[in-house]
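Breakdown of the fold
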Amino acid sequence: MAGLEDGREWAYRVDPYGFERPDDFDYASYEAFFSRYLVVLTRRAIKWSKLLKGKNSIQKSLKDMNRTFPDNVKFRKTADPCLQHTLYNVLVAYGHHNKAVGYCQGMNFIAGYLILITKNEEESFWLLDALIGRILPDYYSPAMLGLKTDQEVLGELVKMKVPAVAELMERHGVMWTLVVSRWFICLFIDILPVETVLRIWDCLFYEGSKIIFRVALTLIKQHQAFILEATNFPDICDKFKQITKGTFVTECHTFMQKIFTEPGSLSMATIDKLRETCREKVLSQG
Amino acid sequence: MSQAAMSETYDFLFKFLVIGNAGTGKSCLLHQFIEKKFKDDSNHTIGVEFGSKIINVGGKYVKLQIWDTAGQERFRSVTRSYYRGAAGALLVYDITSRETYNALTNWLTDARMLASQNIVIILCGNKKDLDADREVTFLEASRFAQENGKRIRSRKNGLRYSVWRCCLETAEITTKSTSTKCSGMWVLKKQNTTSNIFTLDTEAVRANGV
């Protein structure tokens with residue numbers, strides 16, 4: 001390769017980021033690597049354009065796009081560009097791509113955040129797919145079995161780690177689903193401040209769905225005394241709203257450190273085991 | 001918050017559900033009741049949201065604890081667990097959507113099966129301001145209500161309040177049958193009054209055949 005000085009070759013000597021390549025750069029291996037990756041990129045691009053073309057029954061459930069973040073200026077009908085259209089495309093494409101899930105309310109908020117961050121329809125789609133198809137258990141499928149299971153799992157974890165709160169819930173007959181279903185379904189969107197949510201998501205993408213339990217347990221354990229002040233059912237529900245507000249959750253840096261210390265050890269083995277038993281329990285309840 | 005909750009006093013506490021298909025305006029009705037304001041667009045309700053208010057019905061203070069549920073079909077299996085102990089339900093459909101009207105039977109079955117056979121139901125045809133796009137006639141809904149033992153109210157955009165008046169009426173009906181049998185009701189001691197009260201300014205109309 002060395003010694004060729006024409007413009008085309010020079011272009012290869014500078015990588016896409018602007019760095020000059022060293023003389024001993026291994027073009028052959030790089031070429032081999034990149035041609036494999038190009039196949040992936042091309043496949044994704046083709047898939048994406050196909051998904052956008054075919055529109056189906058998902059569209060019907062998406063008629064009210066104006067109900068995603070009505071308080072966000074970029075999602076207003078008058079915004080230019082109006083992200084409602086982007087959101088619509090991502091959700092229709094996803095419904096096509098993952099027919100078993102289709103569209104479930106809650107996904108609109110998640111896709112909406114991804115769009116706000118990536119500012120890119122296609123990237124948002126693939127990130128949504130990573131979350132729903134791989135990282136999260138089946139929260140959004142019609143039976144919502146994963147959601148119901150994880151709510152129970154959280155209940156069990158609270159029993160282990162914050163027993164007084166578990167006892168309070170039991171005494172007043174407050175089902176976990178009442179206070180935490182939105183935590184799971186919306187991955188803390190509209191529950192915690194935006195920055196905090198994004199920091200949580202970073203961990204979620206890296207470490208998996210266990211992070212949701214860490215966050216939930218931290219919120220509960222940190223506010224244990226406050227929650228225990230509750231004397232009745234609506235009081236408890238209200239406390240669970242209150243604990244997601246304030247400095248503790250706004251200070252996202254310290255909050256993120258807390259989620260790894262406050263709940264104590266939380267092995268994936270424990271979670272897997274609890275998921276298994278809770279799943280059985282949920283299934284037996286019909 | 002808890003301080004305020006402590007000073008709240010009431011004679012009765014009723015659990016009320018707001019149920020019906022997605023996009024029929026359930027959260028908007030709740031917002032209307034709590035804030036007395038109309039809300040154009042609101043985020044989809046995921047799971048359940050709560051609202052409560054103390055009202056004066058026939059000299060008794062009644063606290064309505066309202067459970068606003070998610071309407072999407074697949075959430076139904078989750079929201080079904082919220083019905084237990086409800087004294088009443090506001091069953092909402094959208095007059096511009098036949099689909100939401102057709103779903104009423106299912107919602108009604110759920111409510112009667114999961115809450116109580118005696119649950120007080122108010123059927124509410126919402127979005128009357130979009131009368132031009134109406135798909136369900138008043139007569140039709142009225143007939144449905146009669147067949148299913150309810151009376152009907154239609155909501156004018158300017159008179160959203162009247163829906164909640166229905167609730168007050170319902171609350172009154174339930175108050176009357178206090179001592180007998182209403183599952184979602186707790187009789188509580190009244191200590192003192194608070195300012196968070198408004199009074200019913202019309203004669204309460206009885207719902208028949210509840």
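See the structure above.
Residues numbered from 1 in each chain as written. Chains lettered and ligands numbered in written order. Predicted model: local features only at pLDDT ≥ 70, side-chain atom pairs only at ≥ 80, totals over all residues. Heavy atoms only, no water.

1. Digging into the packing of helix α7 (residues 145-161) of chain A against helix α11 (residues 210-222) of chain A
Residue and element names in this part refer to chain A. Under the convention used in this document: Lines fitted to the C-alpha atoms define the axes, with helices restricted to the stretch that makes contact. Angles between their N-to-C directions range from 0 to 180 degrees. The helix count covers DSSP runs of H or I at least four residues long, the strand count covers runs of E at least two residues long, and both are numbered beginning at the N terminus. Angular relationships are summarised with four words: roughly parallel below 35 degrees, roughly antiparallel beyond 145, roughly perpendicular across 65 to 115, and oblique for the angles in between. Note on convention: the crossing is left-handed when the near helix lies turned anticlockwise from the far helix by less than a right angle, right-handed when the turn is clockwise. Contacts are assigned to residue pairs with any non-hydrogen atoms lying within 4.5 Å of each other. Only Asp, Glu, Lys and Arg are considered charged in this grouping, and only Ala, Val, Leu, Ile, Met, Phe, Trp, Tyr, Cys and Pro are considered nonpolar; every other residue, Gly among them, is considered polar.
Close contact between α7 and α11 brings their axes to 11 Å; oriented N to C, the two are set at 45°. The orientation of α7 with respect to α11, classified from their angle, is oblique. As α7 packs across α11, the resulting crossing turns out to be right-handed. The segment α7 lies against α11, with Asp150, Val153, Leu154, Leu157, Val158 and Lys161 engaging Phe213, Ala216, Leu217, Ile220 and Lys221. Of the residues in the contact of α7 with α11, the class split is eight nonpolar, no polar and three charged.

2. A closer look at a nonpolar patch on the surface
All names here are of chain A. Selection criterion: A patch is a set of surface residues, each over 30% in relative accessible area and not in a salt bridge, joined within 9 Å for like charges and within 5 Å for the nonpolar side chains Val, Leu, Ile, Met, Phe, Trp and Tyr. Residue exposure ignores everything except the shown protein chains as possible cover, and the areas themselves are Shrake-Rupley values with a 1.4 Å probe. Any carboxyl oxygen of Asp or Glu within 4 Å of a side-chain nitrogen of Lys or Arg constitutes a salt bridge here. Remark: exposure states derive from per-residue accessible area (1.4 Å probe, protein chains only) relative to the maximum for the residue type, with buried under 20%, exposed over 50%, and partly exposed in between.
Residues Phe33, Phe34, Tyr37, Leu38 and Leu41 make up a contiguous nonpolar surface patch of roughly 410 Å² in combined accessible area. Relative to the helices and strands, leucine 38 is located in helix α2 (residues 27-53). Overall, the relative accessible area of 40% leaves leucine 38 in the partly exposed class.

3. What about the pairing of strand β4 (residues 88-94) of chain B?
Moving residue by residue along a regular strand, the side chains alternate between the two faces of the sheet. Residues and elements named next belong to chain B. Heads up, the rule is: Strands are labelled as partners when DSSP assigns at least two bridges between them.
With seven of its seven residues buried, β4 lies for the most part within the structure. Residues Gly88, Leu90, Val92 and Asp94 point to one face of β4 and Ala89, Leu91 and Tyr93 to the other, with burial holding for every one of them. Sheet topology note: the β4/strand β5 (residues 120-126) ladder contains seven bridges and is parallel. Along β5, the bridge assignment pairs tyrosine 93 with glycine 125.

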